[in-house]
Amino acid sequence: MRKQHSRKRIKRLVTAAALCCVIAPTMAFACEPESAKDLKPVGKTRLSVWFWDVYDAQLLTDSGNYDDYQRRALRLSYLRDIKAKDLVDTTKEEWQRLDVTVSNEHTQWLDKLNKMWPDVSEGDCLMLVENEQGHSTFYNAEGVLGSVESAQFTEDFLAIWLSPNSRFKEERNELIGATQ
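Only a predicted model underlies this, so the values are computations on that prediction, with no experimental measurement involved.

About the thresholds
- Residues numbered from 1 in each chain as written.
- Predicted model: local features only at pLDDT ≥ 70, side-chain atom pairs only at ≥ 80, totals over all residues.
- Heavy atoms only, no water.
- Salt bridge = Lys/Arg side-chain N within 4 Å of Asp/Glu carboxyl O.
- Helix = DSSP H or I, 4+ residues; strand = E, 2+ residues; numbered from the N terminus.
- Polar contact = N/O pair within 3.5 Å; in protein donor to acceptor, adjacent residues only side chain to side chain.
- Contact = heavy atoms within 4.5 Å.
- Pairing = 2+ DSSP bridges.
- Expected span 1.5 Å × (residues − 1).
- Buried < 20%, exposed > 50% of the residue type's maximum accessible area, 1.4 Å probe, protein only.
- Arc of directions from axis to C-beta.

Section: the pattern of salt bridges
Part 1: Evaluated as defined, the whole model comprises 11 salt bridges.
Part 2: Across the pair Lys-83 and Asp-119 runs a salt bridge, and its minimum N-O distance is 3.8 Å. Here Lys-83, found in the loop between strand S3 (72–78) and helix H2 (84–97), pairs with Asp-119, found in the loop between helix H3 (104–116) and strand S4 (125–130); they are 36 residues apart in sequence, far enough to count as distant.
Part 3: Where Lys-85 meets Asp-89, a salt bridge forms, and the shortest distance between an N and an O atom there is 2.8 Å. Here the residue Lys-85 and the residue Asp-89 both occupy positions in helix H2, the gap between them amounting to four residues, near one helical turn.
Part 4: If you follow the salt bridges from partner to partner, you end up with Asp-38, Arg-71 and Glu-132 in one network.

Concerning the side chain of His-106
Part 1: You can see His-106 is positioned in helix H3.
Part 2: At 2.6 Å, the side chain of His-106 forms a polar contact with the side chain of Asp-156.
Part 3: Beyond its immediate stretch of four places on either side in the chain, His-106 contacts Trp-95, Val-100, Thr-101 and Asp-156.

Observations concerning the pairing of strand S6 (residues 143–148)
Part 1: Sheet topology places strand S5 (residues 136–140) next to S6; five bridges connect them, and they run antiparallel. From the neighbouring strand, Asn-140 faces S6, where its bridge partner is Gly-143.
Part 2: In this structure, the hairpin formed by S5 and S6 is closed by a connection of two residues.

A look at H2
At 3.6 residues per turn, the α-helix brings residues three or four places apart onto the same side.
Part 1: An ideal rise of 1.5 Å per residue puts 20 Å on 14 residues; H2 measures up with 20 Å between its terminal C-alpha atoms.
Part 2: Among the residues of H2, those classed as buried are Ala-84, Leu-87, Val-88, Thr-91, Glu-94 and Trp-95. Burial along H2 is one-sided: seen end-on, the buried residues are contained in an arc of 125°.
Part 3: Elements that come into contact with the buried residues of H2 comprise S3, H3, S4 and helix H4 (151–162).
Part 4: Asp-99 sits one or two residues past H2 and shows a positive phi near 65°.

Laid out in structure tokens, this is it:
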């Protein structure tokens, strides 16, 4: 009787482990909000700093083209654990590096991001989706994280990846589908 009970328990554990192997990879890529379903890929890249892979990035637009669009989205799929505070601090540092004046409004946006964004773990995704007014809504695999209703925020935020002065030029060119 005891052996039979142990076999059932082992069978349940093996089944649970198998389900995790099937479900977990799907969850890592579940960062696909309904508002982005009609967007088409423009380009993708992987950001690696020294020998650490940080994230995979993908740019999408309604036209599938970087030069002609009404709406954009940027998906970041993280390859390492990063604290939300570090993500926000890096946003501010990149703005300063791009000579974006960090005004009181920018500081309010950064405060909002600090409250909105979770810490990310390997396999997590954050996605910005721009609406027709140029405002940004952030998503993760669980749904909406929050919005910033400012076209200026969207431009300044996406400039980190899309500006010709972006820190990572090769990755920027891959994102916008530029040929080299």
